[in-house]
Amino acid sequence: MKIYTVGGAVRDGLLGLPVKDRDHVVVGATPQQLLERGFRPVGKDFPVFLHPETQEEYALARTERKTAPGYKGFAFHAAPDVTLEEDLARRDLTINAIAQDEDGTLVDPYQGRADIERRVFRHVSDAFIEDPVRILRLARFAARFADFSVAPETQALMQRMVEEGEVDALVPERVWQELARGLMERKPSRMFEVLRSCGALQRILPELAALWGVPQPEKWHPEIDTGVHVMLVVDWAAAQGFSLPIRFAALLHDLGKGSTPPEMWPRHHGHEARSERLAEQVCARLKVPGECRDLALMTAREHGNVGRAFEMRPDTLVRFFARCDAFRKPQRFIDMLRAAECDHRGRTGLEQQPFPQAPYLEGALQAAQQIDAGAIAGQQTQPQRIPEAILAARTAQVEAFVAQHRPVQH
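The protein appears in an unreviewed UniProt entry as Multifunctional CCA protein from Herbaspirillum frisingense. On record in UniProt, under Sequence similarities (unreviewed entry), the comment for the protein is "Belongs to the tRNA nucleotidyltransferase/poly(A) polymerase family. Bacterial CCA-adding enzyme type 1 subfamily." Listed under Subunit (unreviewed entry) in UniProt, the entry text for the protein is "Monomer. Can also form homodimers and oligomers."

Draft legend 1. Up close: the packing of helix H12 (residues 244–252) against helix H16 (residues 330–345). Where H12 meets H16, the axes come as close as 9 Å, and the angle between the chain directions of the two elements is 45°. By the angle between their axes, H12 is oblique relative to H16. Judged by the twist between their axes, the crossing of H12 over H16 is right-handed. The residues of H16 that touch H12, namely those facing Ile 246, Ala 249 and Ala 250, are Asp 335, Arg 338, Ala 339 and Cys 342. Of the residues that constitute the contact of H12 with H16, the class distribution is five nonpolar, no polar and two charged.

Draft legend 2. Here's a closer look at the UniProt feature "binding site: ATP" (unreviewed entry) in the protein. Per the UniProt record, the feature "binding site: ATP" (unreviewed entry) sits at Gly 8, Arg 11, Arg 91, Arg 137 and Arg 140. Assessed through its relative accessible area of 26%, Gly 8 is described here as partly exposed. Mapped onto the fold, Arg 91 is located in the loop between helix H3 (84–89) and strand E8 (99–101). For Arg 91, a relative accessible area of 17% puts it in the buried group. In this structure Arg 91 touches Val 6, Asn 96, Ala 97, Val 124 and Arg 134, once residues within four positions along its chain are discounted. Of note is the side chain of Arg 91, whose polar atom sits 2.9 Å from the side chain of Asp 87.

What counts and how
Residues numbered from 1 in each chain as written. Predicted model: local features only at pLDDT ≥ 70, side-chain atom pairs only at ≥ 80, totals over all residues. Heavy atoms only, no water. UniProt positions renumbered as here; feature names shortened; annotations may be inferred. Axes fitted to C-alpha atoms, helices over the stretch in contact; angles between N-to-C directions. Helix = DSSP H or I, 4+ residues; strand = E, 2+ residues; numbered from the N terminus. Parallel < 35°, antiparallel > 145°, perpendicular 65-115°, else oblique. Left-handed = near helix turned anticlockwise from the far one by under 90°. Contact = heavy atoms within 4.5 Å. Nonpolar A, V, L, I, M, F, W, Y, C, P; charged D, E, K, R; others polar. Buried < 20%, exposed > 50% of the residue type's maximum accessible area, 1.4 Å probe, protein only. Polar contact = N/O pair within 3.5 Å; in protein donor to acceptor, adjacent residues only side chain to side chain.

Here it is, written out as structure tokens:
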């Protein structure tokens, strides 16, 4: 029996990055031998065990064979006679097919170290084509390792997978899982760049793919292209370390511009309502969690109003807060302001332009929150007039705030 550390732990060690999780492969052993050593079985499809002390994963060396379309159609074979090289051959990329034995010696049959030095993503074998999730994983790695490029032969293989419909077999939950992880990497735009270059983005997120080539007014968007703008927006969100809901909202905020009739270009009147409908469509299809969905829909619908904050009357501001449910969920409203700021900052050459609308709206909300709605409701003798009384009280508070804080130039 021999035990090797494999995959991301070895790769990240060679890149000089912190190693978070360690996976291991066991060669020349049976499940019974691991059980006798106190390992706990957890694998459903193939033998995977947890170490009795470290709780790290140990998998028996295995091979796999494609048996049906999609990413679940595989048969696995794990036995003592499966070699380390055979186990590494089933992995996706050469940089993930390096093993390290217990004395630190590297086993690198597919030249993964050379590809790390070249900063190249290259598939290990043509078996890559059998699992469409590998396209998503490679794209996610591109978001993490932004200075890596895709080998031409791997690019061609991914394009072939898209053309043959393998990507269409992906289940929504797995697509969302990989997209969410990629959005949380250092440069999310690289993930979408890779997906778009092989044609997978058109299959997975056609609403987003439609944005490239759609112009915006150069006065407000020096980058002009809407797809380029959205990539600048998500990268700015990532640079601030914002949460997944904010990054996802930033990604979907301008979807409606992809459905603007070309004769209206570069203007996009009413794109916010179209963006909300398309974002809702995306969230339903990918089964996006509620926290991400709700913020994305609100941001798509309201980001234009955030930009026009200084033009709103006090009573309009209070109704805006109510429409956004900001009195019950103030943090979600503030997150929407952060996403709107990403939209503002994600413009070529304007990344440092001030965005005073966000603190202004946050301050106005705090002023309105000083009103005790419950106390007003308790004092009212005419229940039907309670909403009107609360609106009036909150408007008075916001009016006082606006008088002090609205910029003179507006």
